[in-house]
Amino acid sequence: MSESTSDDVILNFVSGLIERRIQIDTATTTDLWSLLRASPSPVTSSGFSENDYPLSAYGSVLAQVPQLSNLKRVPIPPELVEKFKDMQWCCSMGVATEITRAWLVIDSDIHFWNYEDGGDVYTFDGLQETILCAQIVSPKPGVFREHVNHLLCVATTLDILLLAIIINRPGDFNQSYGVVEGSELHIPPEILFSVPTDNTPVLCIKGTQLGRIFLGAKDGCLYEIAYQASDGWFSKNVKKINHSKSFLSYLMPSFLNFSEDDPIVQIEVDDSRNILYTRSEKGNLTVYDMGADGWSLFRVTAISQKSIQTSASYSVSSIDKSNFKSIVHISVITKFESVNIQLVAITGTGVRLYFTVLPFNSPQSRPSHMHLVHVRLPPGFAVNGPPQKPTNVHQAHYQKGLLVLSSSKSDETNAMWLLSNDSFPFHLELKETFLLREIDGRSWVIAESPTPPSPYQYHSCSQLFIDPPTVVTQNLLPPRRLILLTPQGSHIWTKLRPVDQLKQLFLHAQTSESQLVHDFFKLYREEEACAMCLMIACSNADPQLSEWATRAFFHYGGLPSINFTSDAAMSAVSPTMVNNTSIVAGSNDVAANVLTPDRRFQPGQISTPRQFASGNSSSIFETSVSPSGPTLRYSAKHEGLCIYIARILGPLWNGRIVTPAPLAEDGKPPPLTSSLSSDDLSWFVEQLMQLRQFLLRNSQFVAPLQRDGHLPTQNLNQRMLNFIKPALPGDNSPFQDQLRRKYQGEAQIEERASFLNIQKFIERCLEFIHLWKIICEHQFHVIAATVTMDKQDELKMMTFQAFFIKGKLIAGALISGLINCYLDDHATTDAISNRLRDVCPTLYSKDDALISKATELLQSSKALPSRSEREKVIAESIKLFKQVSGVIQLEPICEQLAEVGAYLGIVDLCLTAAERRDAARFALQFYHNGEPAEDRQGLTAFTIRRACYIPILRALEQLSKCAEDKSREPSVPKAPGPFSPQKGHHLSSEEARQLSELMICAGLQSSDEVFHATFYDWHFEQGFPEKLLRIESPFLESYLRRRAEARPEHLPVLDVLWKYLEKSRQLLSAARVLERIADRASIPLDLLQRLEYLARAVMCAKSAPLSSSQDAEFLQQLEEKLEVARVQLSIFNQLSNLNQGLVTIREARNRLNAELFDLQTLYNEYAHRLNLAESKLAIISCADAYDPALIESLWKGIIDRMLEDCQDLSLESQMTSVGKRFASVGTHYASSEKYFPLYCVLDYLETKAAALQFNPTWVFRTLLSCGMSVTKLLPIYDQLLKLKGSTHVKTIINSVYLMLEYIVENPTMIDVYDRSLVLRLCYDYIKQYIIYIETRLPSHSHEFLPKFRSLEEKLKRLL
């Protein structure tokens, strides 16, 4: 297995562990509806059982584990206490936790102070009327200036006013509690908006996140202050809207209104669902729907206190119905706590009444009703439970499962009840701890400091809808803080998280091994408590605490074990059973019960491939549930480590790494933005670095164990072959002890390997998050825009989990973009390179740093004025590039080299890279062996080498285009004006030509034969293979021969090969190549081209010295092939004169034009089948066959075909056409008496001419045009004259006379050397014919004797 593959398996293995733990957290997150075991109908109840408040069920640990921190009392500032002396009308108090301020209203003045330290006292006394109610609310977006982040809504006896709150010098924002440290509050005296109260006192004010402001009035109506901005600084466009009465109610006289007022004393807004609730003084509840967008409002329904009391009493009939009489507080249940429960109401006896307003399991629906679904009794009602119970509750607070009740014991003291389910995070029903504290004075306000939203809400990572319990988010969120405001001041408590409780136990016992710590581990399960120990140990806030937490982690973390799922002992395991071993996690009984039995989540059983690293070795095995055989159960500390990592990475695990954004208005894609800021990522970096330091400090449980002196190289299954199952624990025989130790050792080996893999995964995550943080610090959208569109699309869809596992290529592209941004800004890369090397050494290695520095030198060389300095810097850059030991991206580097004109550096760098990537020269062996497809290693090396040469070839292409570009030649400007140079490196045509030649020379000087082959291939691809003939290279001939063998139909290669051989005077080899070209039918050539190649082959063979009989025989074969090819051409031409519309003729011509045939094929398939007499004669002549009768019949057939083809012409045209065609055929055979039977031909021509009434001179003139001499014709005519019968004598004698007359009249037609002899011969024949006429033809003597005697006289004169 390769190293990269092994790393991938390790990453997938650990990713599976983390994913499993995130899924467990998801599965154990239970909706409040399920915890209460509520149902749509009937109304359910709880609180009767001692298990609902199980203080004693878990020993003393619940009673002794602290729930709250020590009380922090901050008295009201003394200067404000003095203000009470001047009070005339009324006073009230409130808390604005979003700005860490408490306020006190005394008559018309309102005073603010910081409830954390009592400082920053501020008084606003700009009002004249008595203040009835005040509240700090959020402004509407886009209405006020940016520095106005809060508004003060004040209701006086006459008006409702809006004032701006400005925080000067905000200092540092404390993310834990939203505290603005060192800030000062200021309220400008200008009133932003004002509306009259219309004599209706306002009793409560509530704002929404969108900036809407609602008022509850004494008349029982719900009002809203609607305001909006105008064109000026602020708009006076403000109005008060009554949402409780219709328009018609204003037309009705007041004396007709018989309804009794029920003042609204409390308004609560569910911003997660956009629902508003009101509580009246009599306990009536009303529901308002604000619309899906939160900007509308209409009344849905209301439920009276009497109806609520009746429903609750019917559900819980065993207790007095007075417990449900008075409702003192309502709180919303957000959608992050429950889907089906939306509101909880708290009575004066601490009873919680849960309501639903949405259709069941329809979270997207709007409110339509209000039903009581569950009644939760407070502590004190269980038979065996604690006797204390809340009474006289006058104030309450509920949020995210935490309930605080304030009950009056006397005017001087109050009792504070705190109920929480944090200690029971993984149970199927709601279990709560409760705490009772006494406080001095009567509480006026109960509030909770705002905490950041759960990361499981604002990241899509966990895909949770319900917020997980505190034990899951305690490493992400700070402890919750409670503020009680009394006349004595503010009382501040911190609700301790489970991890904070563990710290307190360590501090209380001053050791890690107390009984309370032991019970705490049992309460939360060992793996959860181990995860808390890691939180404490990694924080390094208190060294002593870290030490105790580390000891507890190892002490209570336990050991891994191997379990056997079958009860029957097995003496051996077959190989098929070994492959079914499963791995089971640590104890998870409580978590396993979260789901129903038929769909129980099995966190301990994994069915994904796993990789266990052990030193330098690794093992892989498939894991699945097996009915029998060994299963590995990880220890609690291993599971705790996985839990801790999962909860660190949980908020971003399944979240997208970039924020999706809609298309811009112009249709262009928006820039990519990171879903997390650099500050967000800093937290993850800090947490992972602390965990890494912890693992390094405690490397003894990460280092792999050795087994029998060797690291384990086989997986658990293989090592457990032939195992014997140990007996029950009660069997303590030596043999059984030895078996247990053996299996315990095996389990520890596997767990140590898993620890090592987890450590590698942490390193990986740290590097990727560090890199992402650096990218965010350098304008993420700019760097993301530099990567390719494919990579950008991949970024849009990628989650952080995928980024950690498969994001190495994306990370490399982002690093390249980052470095390029530095280079584009002409900035040095040393600092960023060093930082990248420090924080992500595997993503940005030493080679990457060398490349960055070399690239920086290249960029800087452009600004150097001196050519020598520039060349020196470029040479140094190339030297750095060549020092890179790994694989470099040649193409972008070579593009930069081309920009600075370092074309020779391109050749040097690419050839060096090719040699380094294929140091064993597998590619050359592959090339020499003919590139066999089965040689995968050679093919890979060959492909890699050829890829290294691509930049060289592209540079040559660029230079070739520049050399051919005439616009680069010096020329007169087209118009006067300043010179505007072109962008980029500008070369003239001559410079480009010279650089191209230098590159070619540098490349050809290389001994890299694979490069030579690639370079030659490039010539063929570019379409100028003839340039190869100018190259002097020892590799060219072998290349051409190899390519010709590999591609025997590739004509350009064969053409260059025979030309190269001819040029190198290897003429016979060239002739053989030419012959192969002409013979191969698969090469697309026509018949004339094949004849040309054969002719060239004959010429080369004749020009070569024939040193052996084989060479002479080869030449003879070539000549014969050429002659046969010419015969084929004649057949082809003869077919051209035939009717081309016939399919048979057309197909025959196409086949004849496509390849060469032998004589037998030509005769049988074409000449004979198509009755081509002329072709038959040519084939017989070529074959040197002799059959007089056949030859004579062929000549007659030829003459008949010629006459037949011209029968439609005029007499004169017939003679001309047939004469020409006959001359063309006869000329070829005139010198051969064997294939030109003159007697037969002459006789047949005379016969046909006479029959067709041709000119009597036509026959002999036609024969003379064939090259037939007079000395041959006269004897033939003489024979005809003597052998023919009387019917043809006159015709023959006339033809003889005309021929002799023609000779006498044109003696110059006879060669001067033969003229006298020929004329003498003619004279002798004339004398013979005179005698012949007188003796044999007396009847014709009067016609021919004068003519012959006249000729006799003329010849005498010529002689």
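Only a predicted model underlies this, so the values are computations on that prediction, with no experimental measurement involved.

1. Considerations on the overall build of the protein chain
Stage number 1. Regarding its fold elements, the protein chain presents 46 helices and 39 strands.
Stage number 2. In the protein chain, which comprises 1359 residues, the share counted as buried stands at 52%.
Stage number 3. Here the protein chain displays about 62600 Å² of accessible surface, and carbon together with sulfur accounts for 51% of that area.

2. A closer look at the pattern of salt bridges
For side chains of opposite charge, pairing can occur when their charged atoms come near one another.
Stage number 1. The final tally for this structure, using the stated rule, is 53 salt bridges.
Stage number 2. With its nearest N and O atoms 2.8 Å apart, the salt bridge here joins Glu891 to Arg954. With Glu891 in helix H25 (residues 890-899) and Arg954 in helix H28 (residues 936-964), this residue pair connects regions lying 63 residues apart in the sequence.
Stage number 3. Measuring nitrogen to oxygen at the nearest pair gives 3.0 Å for the salt bridge that ties Arg945 to Glu915. With a gap of 30 residues between them, Arg945 in helix H28 and Glu915 in helix H26 (residues 903-917) connect regions that are remote in the sequence.
Stage number 4. Taking the relative accessible area as the measure of exposure, Glu915 reaches 29% and is therefore partly exposed.
Stage number 5. A single salt-bridge network, built from bridges that share partners, covers Asp25, Arg525, Glu527, Glu528 and Arg647.

3. A few points about the sheet that holds strand E29 (residues 433-440)
Stage number 1. Taken in spatial order, the 4 strands of this open sheet run E26-E27-E28-E29, and their pairing is antiparallel. Each edge of the open sheet is held by one strand with a lone partner, namely strand E26 (393-399) and E29. Adjacent strand axes in the sheet meet at a mean angle of 15°, parallel and antiparallel pairs treated alike.
Stage number 2. Bridge analysis of strand E27 (residues 402-408) against strand E28 (residues 413-420) gives 6 bridges, and the strand direction is antiparallel. Across the sheet, the residue bridging to Val404 is Leu418, located in E28.

4. Quick look at the packing of aromatic side chains
Stage number 1. Summed over all chains, the structure comprises 38 aromatic pairs.
Stage number 2. The interplanar angle of 65° and the centroid separation of 5.7 Å between the aromatic rings of Tyr1297 and Phe1348 together place this pair among those described as edge-to-face. Note that Tyr1297 is positioned in helix H44 (residues 1286-1305) and Phe1348 in helix H46 (residues 1341-1358), a separation of 51 residues in sequence.
Stage number 3. Against the face of Tyr227 rests Lys140, its NZ or CZ located 4.8 Å from the ring centre.
Stage number 4. Note that Lys389 overlies the ring of Phe381, its terminal NZ or CZ placed 4.0 Å from the centroid.

5. Digging into the layout of surface pockets
Stage number 1. In this structure, the second largest pocket spans a volume of roughly 1300 Å³.
Stage number 2. As for the second largest pocket, its lining consists of 36 residues, of which Gly812, Ala813, Ser816, Asp848 and Gln889 are closest to the centre.
Stage number 3. For the lining of the second largest pocket, the element with the highest residue contribution is helix H21 (residues 808-824), accounting for 12 residues.
Stage number 4. Its residues placed into classes, the lining of the second largest pocket shows 15 nonpolar, 14 polar and 7 charged.

6. So, helix H45 (residues 1312-1336)
Stage number 1. A rise of 1.5 Å per residue sets the reference length of H45, with its 25 residues, at 36 Å; its end C-alpha atoms lie 35 Å apart and thus fit the reference within 8%.
Stage number 2. For H45, the full list of buried residues reads Val1318, Leu1319, Cys1322, Tyr1323, Tyr1325, Ile1326, Tyr1329, Ile1330, Tyr1332 and Ile1333.
Stage number 3. With a side-chain oxygen positioned 3.1 Å from the backbone nitrogen of Tyr1313, the residue opening H45 is Asp1311.

7. Thoughts on the sheet that holds strand E31 (residues 480-486)
Stage number 1. Within the open sheet, the 4 strands sit side by side as E2-E32-E31-E30. Their pairing is antiparallel. Both outer strands of the open sheet, strand E2 (72-75) and strand E30 (445-448), are each paired with one neighbouring strand and no more. The average angle at which neighbouring strand axes cross in this sheet is 20°, direction not considered.
Stage number 2. For E30 and E31, the ladder comprises 4 bridges, and the chain directions are antiparallel. Across the sheet, residue Ala447 finds its bridge partner in E31, namely Ile483.

8. Concerning empty space enclosed by the protein
Stage number 1. By the definition in use, this model includes 3 cavities of 30 Å³ or more.
Stage number 2. Here the largest cavity is characterised by a volume of approximately 620 Å³.
Stage number 3. In this structure, the largest cavity is lined by 35 residues; those nearest its centre are Lys400, Asp467, Pro468, Pro469 and Thr470.
Stage number 4. Elements with a minimum of two residues in the lining of the largest cavity: helix H2 (32-35), strand E24 (352-356) and helix H7 (470-473).
Stage number 5. Tallied by class, the residues present in the lining of the largest cavity amount to 14 nonpolar, 12 polar and 9 charged.

9. Structural notes on the nonpolar core
Stage number 1. Ranked by size, the top nonpolar core spans 180 residues in total, and within it Trp1195, Phe1222, Leu1263 and Phe1348 carry the most contacts.
Stage number 2. Residues contacting Leu1263, with those up to four places away along its chain left out, are Phe1222, Phe1236, Leu1238, Val1241, Leu1242, Leu1245, Met1268 and Leu1273.
Stage number 3. Of all hydrophobic cores here, the second largest spans 107 residues; its members include Ala537, Ile769, Trp772 and Cys821.

10. Description of the environment of Leu691
Stage number 1. Its place among the elements puts Leu691 in helix H15 (residues 678-697).
Stage number 2. Classification of Leu691 by relative accessible area gives buried; the value is 0%.
Stage number 3. Between the C-alpha atom of Leu691 and that of Cys538, which follows or precedes it by 153 residues, the distance is 5.7 Å.
Stage number 4. In this view, Leu691 contacts Cys538, Leu641, Tyr644, Ile645 and Ile762; residues no more than four positions away in its chain are not counted.

11. Details of the pairing of strand E5 (residues 109-114)
Stage number 1. The buried count for E5 comes to 5 of 6 residues, which makes it a mostly enclosed element.
Stage number 2. Here 6 bridges tie strand E4 (residues 101-106) to E5, and the two strands are oriented antiparallel to one another. Across the sheet, residue Arg101 finds its bridge partner in E5, namely Asn114.
Stage number 3. In this antiparallel pair of consecutive strands, E4 and E5, the connection spans 2 residues, and Asp107 shows a positive phi of 55°.
Stage number 4. Bridge analysis of E5 against strand E6 (residues 122-124) gives 3 bridges, and the strand direction is antiparallel. Of the residues in E6, the one forming a bridge with Phe112 is Tyr122.

12. Let's talk about helix H9 (residues 515-524)
Stage number 1. Burial runs high along H9: 7 of the 10 residues are buried.
Stage number 2. Among the residues making up H9, those that are buried are Leu516, Val517, Asp519, Phe520, Phe521, Leu523 and Tyr524.
Stage number 3. Each element contacted by the buried residues of H9 is listed here: helix H3 (61-64), helix H8 (498-509), helix H10 (526-539) and helix H11 (543-556).
Stage number 4. Of the residues one or two after H9, Arg525 is the one with positive phi, at around 80°.

13. Section: the packing of helix H41 (residues 1238-1252) against helix H42 (residues 1258-1265)
Stage number 1. Where H41 contacts H42, the axes come no closer than 9 Å and their chain directions differ by 140°. With respect to H42, the axis of H41 lies oblique. Like other packed secondary-structure pairs, H41 and H42 cross with a definite hand, here right-handed. Contact residues: Leu1238, Val1241, Leu1242, Leu1245, Glu1246 and Ala1249 in H41; Trp1258, Val1259 and Leu1263 in H42.
Stage number 2. Broken down by class, the residue content of the contact of H41 with H42 amounts to 8 nonpolar, no polar and 1 charged.

14. Observations concerning the packing of helix H19 (residues 789-797) against H21
Stage number 1. Interaxial distance between H19 and H21 falls to 11 Å at its minimum, and their mutual angle equals 120°. Taken together, H19 and H21 sit at an angle that is classed as oblique. Note that H19 runs across H21; the crossing there is left-handed. For the pair formed by H19 and H21, the contact residues are Lys791, Glu794 and Leu795 on the first element and Leu809, Ile810 and Leu814 on the second.
Stage number 2. Per-class residue counts for the contact of H19 with H21 are 4 nonpolar, no polar and 2 charged.

15. Here we look at the side chain of Gln801
Stage number 1. By secondary structure assignment, the location of Gln801 is in helix H20 (residues 800-806).
Stage number 2. Taking the relative accessible area as the measure of exposure, Gln801 reaches 19% and is therefore buried.
Stage number 3. With residues near it in sequence (within four places) discarded, Gln801 still touches Ser15, Glu19, Trp653 and Asn654.

16. Focus on unusual backbone geometry
Stage number 1. With an omega of 0°, the peptide bond running from Ser41 to Pro42 counts as cis.
Stage number 2. Within the fold, Pro42 resides in the loop between H2 and strand E1 (44-46).
Stage number 3. Of note in the backbone geometry, Asn392 takes a positive phi value of approximately 50° without being a glycine.
Stage number 4. By the element assignment, Asn392 lies in the loop between strand E25 (371-376) and E26.
Stage number 5. Positive phi outside glycine occurs at Gln1253, with the angle close to 60°.
Stage number 6. Looking at the element boundaries, Gln1253 is found in the loop between H41 and H42.

Parameters and conventions
- Residues numbered from 1 in each chain as written.
- Predicted model: local features only at pLDDT ≥ 70, side-chain atom pairs only at ≥ 80, totals over all residues.
- Heavy atoms only, no water.
- Helix = DSSP H or I, 4+ residues; strand = E, 2+ residues; numbered from the N terminus.
- Buried < 20%, exposed > 50% of the residue type's maximum accessible area, 1.4 Å probe, protein only.
- Areas by Shrake-Rupley, 256 points an atom, 1.4 Å probe, with all protein chains shown as cover.
- Salt bridge = Lys/Arg side-chain N within 4 Å of Asp/Glu carboxyl O.
- Pairing = 2+ DSSP bridges.
- Axes fitted to C-alpha atoms, helices over the stretch in contact; angles between N-to-C directions.
- Phe/Tyr/Trp six-rings, centres within 6.5 Å; stacked < 30°, edge-to-face > 60°.
- Lys NZ or Arg CZ within 6 Å of the ring centre and 35° of its normal.
- 1 Å grid on protein atoms, 1.4 Å probe; cavity = no way out; pocket = protein on both sides within 12 Å on 5 of 7 lines; lining within 4 Å.
- Points joined across faces, edges and corners; volume = space filled by probe spheres on them.
- Nonpolar A, V, L, I, M, F, W, Y, C, P; charged D, E, K, R; others polar.
- Expected span 1.5 Å × (residues − 1).
- Polar contact = N/O pair within 3.5 Å; in protein donor to acceptor, adjacent residues only side chain to side chain.
- Core = buried A, V, L, I, M, F, W, Y, C linked by side-chain atoms within 4.5 Å.
- Contact = heavy atoms within 4.5 Å.
- Parallel < 35°, antiparallel > 145°, perpendicular 65-115°, else oblique.
- Left-handed = near helix turned anticlockwise from the far one by under 90°.

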